[in-house]
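# Structural features, examined
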Amino acid sequence: MSCLKKVLIIHTDGNTFNNPTLKCIIDLLVGNSVFVTIRYPVSNAPMPSTMGVKLLPWGRIYNKFKKLIYNYLTSWYFSFIIVYFEKAFIISGNYDLIIAVDRVGLIEAAHLKKITGIPFVFFSFEIMFECETSTAFKSLEKKASRDASYWFIQDEVRAKCLQRENALSFTNYSIVPLASAGIGHMRPERLRDKLGIPVEKKVAILMGSLANWSMAEDIIGSTLGWPEDWVLVVHCRYGLTHDFMKKSEMAITVPLAGKVYWSDEAPGMVDDLGYVLAGVSVGLAFYKVVGSCPYTGKNLEYLGLSSGKIATYLRYGIPVIMNNIGLYSELAKQHNFGIVLRDTEQIGGSLISINLDELSKNATNFFLAYLDFQKYKEDIWNIFNDIIKKE
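To keep things clear, this report deals only with the structure shown in the data block. (Residues numbered from 1 in each chain as written. Predicted model: local features only at pLDDT ≥ 70, side-chain atom pairs only at ≥ 80, totals over all residues. Heavy atoms only, no water.)

### Points about the overall build of the protein
Counting its regular elements, the protein contains 17 helices and 13 strands. For 391 residues, the compact-globule estimate of 2.2 N^0.38 gives 21 Å, and the C-alpha radius of gyration of the protein, at 21 Å, lies within 12% of that figure. In terms of overall dimensions, the protein has a C-alpha envelope of 65 × 45 × 35 Å along the principal axes. Out of the 391 residues belonging to the protein, those deemed buried represent 57%. Summarising the internal contacts of the protein: among those between residues at least 6 apart in sequence, 71% fall at separations of at least 24. In the structure as shown, the protein presents an accessible area of about 16600 Å², 53% of it carried by carbon and sulfur atoms. For the protein, the separation between the mean place of its 41 positive charges and that of its 38 negative charges on side chains is 5 Å. (Helix = DSSP H or I, 4+ residues; strand = E, 2+ residues; numbered from the N terminus. Rg over C-alpha atoms; globule rule 2.2 N^0.38 Å. Buried < 20%, exposed > 50% of the residue type's maximum accessible area, 1.4 Å probe, protein only. Contact = heavy atoms within 4.5 Å. Areas by Shrake-Rupley, 256 points an atom, 1.4 Å probe, with all protein chains shown as cover. Lys, Arg positive; Asp, Glu negative; His and termini not counted. Charge placed at Lys NZ, Arg CZ, Asp CG, Glu CD.)

Here's what the structure looks like:
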């Protein structure tokens, strides 16, 4: 019988239902009659109402105040005061377990444990490196990490980095790739049809964040050298594609008519992408280390299996064209579920001779064998309950 009845998730990205692993964790908990509260900042990401889940957001002004305390003052004392205030006046009720997500979630969960005695587990999706931040910035994480009952990371490459950066123990962690549960189902309605793409055209898609580090402009510009029977769909997460177009000189100046199609669709959850990906032949995933930000420096250099974009393509049996990004590119070569290129200029040539049927079959097989959350959920559930029993 489960010990878990109520769980608090602290996720300061504000996009919980667009994170494949967290969406699966919520489904796992709610499916076992656990009531979930999500504490998060308001953002552009949809956070739909869901049975068994209480949404507890905070506003944009308060979020700026929090960032001042956590990121700039890096004060353990003032961060404790914030959490003490929230527990007294906002986070009501008792919880059996806290799921702390990334840096601020980790720090706040540690404070809550001090105040209430509630144990917490730590899920890391972004690794902040001390050499790209500061000793003071990392000191809060290291102090909070001491009290984590367990921690989860996407692969052994990132596990070694996180263990070193946060001084975590290697005796209480598990590998859980960033991926959804089960094979994705294509919808009969298709985004490509809504966008007016001719039926004879093959579609490659660029989805997720459109930024310098995702090489969005390079990919868009490369379409001028693509075969005539291929087009590109650009699908920014949260339906912000046209905001990217307004900021991008390339999106305005390059003659892309009939070659690039822009999507403003904004599915509420990561599991709702069957409409977007139906009729798509190839997914594009290029990454570039940009040292100006700790999220896009070594955090990308050691990407590992933390790309939700790649995992989602594979879930739907869509081959991936990518650059040399470490673990995923090595696995693509070994398992033949995609093509690894030197740069975006090679995309057009790779589309000429690509074996879509073989790569698609291999994409599905790789997802089921290595990424599928179904492989990990029983162990996660048992870990959660064992922690409660010990406490």
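Resuming the write-up.
### So, the pairing of strand S9 (residues 230-236)
Extensive coverage of S9 is indicated by the burial of seven of its seven residues. Taken together, the seven bridges between strand S8 (residues 202-208) and S9 define a ladder with parallel strand orientation. Pairing of Gly208 across the sheet is with Cys236, part of S9. Where the polypeptide runs from S8 across helix H8 (residues 216-222) and back to S9, its parallel neighbour, the crossover connection is right-handed. (Pairing = 2+ DSSP bridges. Right-handed = clockwise from strand over helix to strand, strands pointing away.)

### As for the side chain of Lys23
With respect to the helices and strands, the residue Lys23 is situated in helix H1 (residues 20-31). By relative accessible area, which is 7% here, Lys23 ends up buried. Side-chain polar atoms of Lys23 contact the side chain of Asp27, separated by 2.7 Å. Apart from the residues lying within four places of it in its own chain, the contact partners of Lys23 are Thr16, Phe17, Met269, Val270 and Asp271. (Polar contact = N/O pair within 3.5 Å; in protein donor to acceptor, adjacent residues only side chain to side chain.)

### Details of the nonpolar core
Membership of the largest hydrophobic core comes to 37 residues, with the highest contact counts inside it found for Leu314, Tyr328, Phe337 and Leu371. Only S8, S9, helix H11 (274-277), helix H13 (308-315), strand S12 (320-323), helix H14 (327-335) and helix H16 (356-371) provide two or more residues apiece to this core. Ignoring any residue separated from it by four or fewer positions in sequence, one finds Leu314 in contact with Val320, Tyr328, Phe337, Ala363, Thr364, Phe366, Phe367 and Leu371. Residues Leu4, Val36, Val121 and Phe152 belong to the second largest nonpolar core, which totals 35 residues. (Core = buried A, V, L, I, M, F, W, Y, C linked by side-chain atoms within 4.5 Å.)

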